[in-house]
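# Architecture at a glance
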Amino acid sequence: MKTEKEKLKNGIFSHGFLLFIALSLFSFFSSKLFAQSLSSDEGIVSVRSESSELVQVTEHILSERVPLLLQGIWQGSDRLVMFSNENEFALVLRVFYQWYNDRASEPASFSELKSRDRNNTTSGSAEDIQISYITIVENPSKTAGVYELSVKYPHEKTPVLIPVCIIDGKIYLDFLIKDSAAVTDLRLVSEVSDKKNTADGFYRAASSASGITIAKPVFEKEVLSYFVTGEGKEIYRIRYWLSEMAYTYEKATFSDGDKVFSVDKYLRIGSHVYQCTTGRSSKIRNIQKSSKFEKAALYDSDGGIIAFGEPYLIKVPEGNDRSYLLASVEENNKRKKPAPKALFPPVFPKYRWKEITELELYNPSTWNKRNLDIHK
């Protein structure tokens, strides 16, 4: 017969062996159930369940070619920006209330045409910024599009993605894209053709950067998306915040009475991921409903893109190359600002000569003097 010590030893061994088998089976089925893929250009992991309706996340394609809508020179209140297919990107800062143009970023070849100014405003050398381009969506009319600029700053290890929107020759930094990312990523070009009939639907946020700058811009920690129903009369506001979750095309839902609506749970904006639910939940809470957008909205000609606020940059129609840009900078810097007004301007006495004349009208002692004054 086995002793109590031997029974205890055999029991521990059998329990350990069963635990090892269970962990092995769990690892095997988990690897079969979930497939993971890594996006090489953005470092975003997408998780796809073979038993669900999720599809693999489409990777964004980088291109050295400037999109047609983005080519040329753009002017804003405080900067000039040039995008050229010769792999040239230039940014001119319009400082001192636009009275001086500083060639802050440009390729070294620009100095062959015109040397940079050296003063207490400019730096010793211009920032050499390299840019690649990602097309997110373009409308069928080719009058509007959403793009991401993959900007390689000299002092940053990885490129920075800056989303921009173009509508009718104007660049905006606050905008929405109609439809979920799974739809627009797979077909790339929006199929929206009738704004009136397609006003309803999900409009997801696609912007978060503060601007096109010579240093890394600031990105929003929260963005707003919207679901529009009732031919644009009912607008649900959905808040998204920064997340460390892996990006997928997973859906989340919210309800209004008997009506249930489905939207993207995650948003991929540049290098960041935003989510609208807590943890792995798929239920959206605290939805706010209104009858209009908080800000003035501008639709593109096909109704697939919405921009908010004033345009960030406006396209310059006259020229689109570096010669025109440098000539514009030189011409602007020739202007001379007028001298400021005196802090203590001179004050001259003011007499009411008419009243004095009337008082002396009947004074005989002044008649001779008046006659001399009028040469009589």
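The structure contained in this document is the topic of the report that follows.

The rules behind these values
Residues numbered from 1 in each chain as written. Predicted model: local features only at pLDDT ≥ 70, side-chain atom pairs only at ≥ 80, totals over all residues. Heavy atoms only, no water. Helix = DSSP H or I, 4+ residues; strand = E, 2+ residues; numbered from the N terminus. Buried < 20%, exposed > 50% of the residue type's maximum accessible area, 1.4 Å probe, protein only. Contact = heavy atoms within 4.5 Å. Areas by Shrake-Rupley, 256 points an atom, 1.4 Å probe, with all protein chains shown as cover. Expected span 1.5 Å × (residues − 1). Arc of directions from axis to C-beta. 1 Å grid on protein atoms, 1.4 Å probe; cavity = no way out; pocket = protein on both sides within 12 Å on 5 of 7 lines; lining within 4 Å. Points joined across faces, edges and corners; volume = space filled by probe spheres on them. Nonpolar A, V, L, I, M, F, W, Y, C, P; charged D, E, K, R; others polar. Pairing = 2+ DSSP bridges. Axes fitted to C-alpha atoms, helices over the stretch in contact; angles between N-to-C directions. Polar contact = N/O pair within 3.5 Å; in protein donor to acceptor, adjacent residues only side chain to side chain. Phe/Tyr/Trp six-rings, centres within 6.5 Å; stacked < 30°, edge-to-face > 60°. Lys NZ or Arg CZ within 6 Å of the ring centre and 35° of its normal. Core = buried A, V, L, I, M, F, W, Y, C linked by side-chain atoms within 4.5 Å.

## Quick look at the overall build of the chain
Of the regular secondary structure elements, the chain holds seven helices and 22 strands. Counting every position in the chain, which comprises 376 residues, the buried fraction comes to 38%. In the chain, the proportion of contacts linking residues at least 24 apart, taken out of those at least 6 apart, comes to 55%. For the chain, the accessible surface area stands at approximately 23300 Å², while carbon and sulfur atoms represent 56% of it.

## Concerning helix 5 (residues 322-333)
For helix 5, spanning 12 residues, the distance from its first C-alpha to its last is 17 Å, which sits close to the expected 16 Å at 1.5 Å a residue. Taken residue by residue, helix 5 has Leu325, Leu326, Val329 and Asn332 as its buried positions. Angular distribution of buried residues about the axis of helix 5 spans 130°; they occupy a single face of the element. Taken together, the buried residues of helix 5 touch strand 3 (72-75), strand 4 (79-84), strand 5 (88-94), helix 2 (95-98), strand 6 (100-105) and helix 3 (110-113).

## A short note on empty space enclosed by the protein
Over the atoms a probe the size of a water molecule is rolled, and this reveals where empty space is left. Enumeration over the complete set of coordinates arrives at five cavities of 30 Å³ or more. Here the largest cavity is characterised by a volume of approximately 140 Å³. Forming the walls of the largest cavity are 16 residues, and the residues nearest its centre are Ile136, Glu148, Arg204, Ala206 and Arg268. Those elements giving two or more residues to the lining of the largest cavity turn out to be strand 8 (144-152), helix 4 (181-187), strand 12 (201-205) and strand 17 (266-269). Classifying every residue of the lining of the largest cavity by side-chain character gives 11 nonpolar, one polar and four charged.

## Quick word on the pairing of strand 14 (residues 234-243)
Bridge count between strand 13 (residues 222-229) and strand 14: eight bridges; the pairing is antiparallel. The partner of tyrosine 226 across the bridge, within strand 14, is arginine 237. Here strand 13 folds back onto strand 14, and the loop between the two strands holds four residues, one of which, glycine 230, carries a positive phi near 60°. By the bridge criterion, three bridges tie strand 14 to strand 19 (residues 288-290) in an arrangement that is antiparallel. Considered in strand 19, the bridge of arginine 237 is made with glutamine 288. Where strand 14 lies against strand 18 (residues 272-275), three bridges are found, and the strand directions are antiparallel. Paired with serine 243 across the strands is valine 273, a residue of strand 18.

## Remarks on the sheet that holds strand 7 (residues 130-138)
A sheet is described by the order of its strands in space; here nine strands give the open sequence 6-5-4-3-22-10-9-8-7, paired in antiparallel fashion. Lying at the two open borders of the sheet, with one neighbouring strand each, are strand 6 and strand 7. Across this sheet, the average inter-strand angle for adjacent strands is 25°, counted without regard to direction. In terms of strand pairing, strand 8 meets strand 9 (residues 160-167) through eight bridges, oriented antiparallel.

## Details of the side chain of lysine 178
Tracing the sequence through the fold places lysine 178 in strand 11 (residues 175-178). Relative accessible area serves as the criterion here: at 8%, lysine 178 is assigned to the buried category. Here the side chain of lysine 178 touches aspartate 200 through a polar contact of 3.2 Å, landing on its backbone oxygen.

## Some remarks on the packing of aromatic side chains
Within the structure shown, the criterion is met by 11 aromatic pairs. Between tyrosine 236 and phenylalanine 254, the aromatic rings sit 5.3 Å apart at their centres with planes inclined by 55°, giving tilted as the arrangement. Of this pair, tyrosine 236 sits in strand 14 while phenylalanine 254 is found in strand 15 (residues 251-256), placing the two residues 18 residues apart along the sequence. Since its relative accessible area comes to 3%, tyrosine 236 is described here as buried. Among the residues examined, phenylalanine 254 registers a relative accessible area of 3% and is labelled buried. Through pairs of rings, three or more aromatic residues link up here, namely Phe227, Tyr236, Phe254 and Phe261. Looking at lysine 178, its charged tip hangs above the ring of tyrosine 203, at a distance of 5.8 Å from the centre. The residue whose ring lies beneath arginine 335 is tryptophan 99, and the NZ or CZ to ring-centre distance is 4.4 Å.

## Describing the nonpolar core
Counting residues in each nonpolar core, the largest one holds 27 residues, and the members touching the most others are Leu70, Phe83, Leu149 and Ile212. Elements represented by at least two residues in this core include exactly strand 4, strand 5, strand 7, strand 8 and strand 9. If sequence neighbours within four positions are ignored, phenylalanine 83 has contacts with Val66, Leu70, Gln71, Gly72, Trp74, Glu88, Phe89, Ile131, Tyr133, Leu149 and Ile212.

That's the geometry; what it means functionally is another story.
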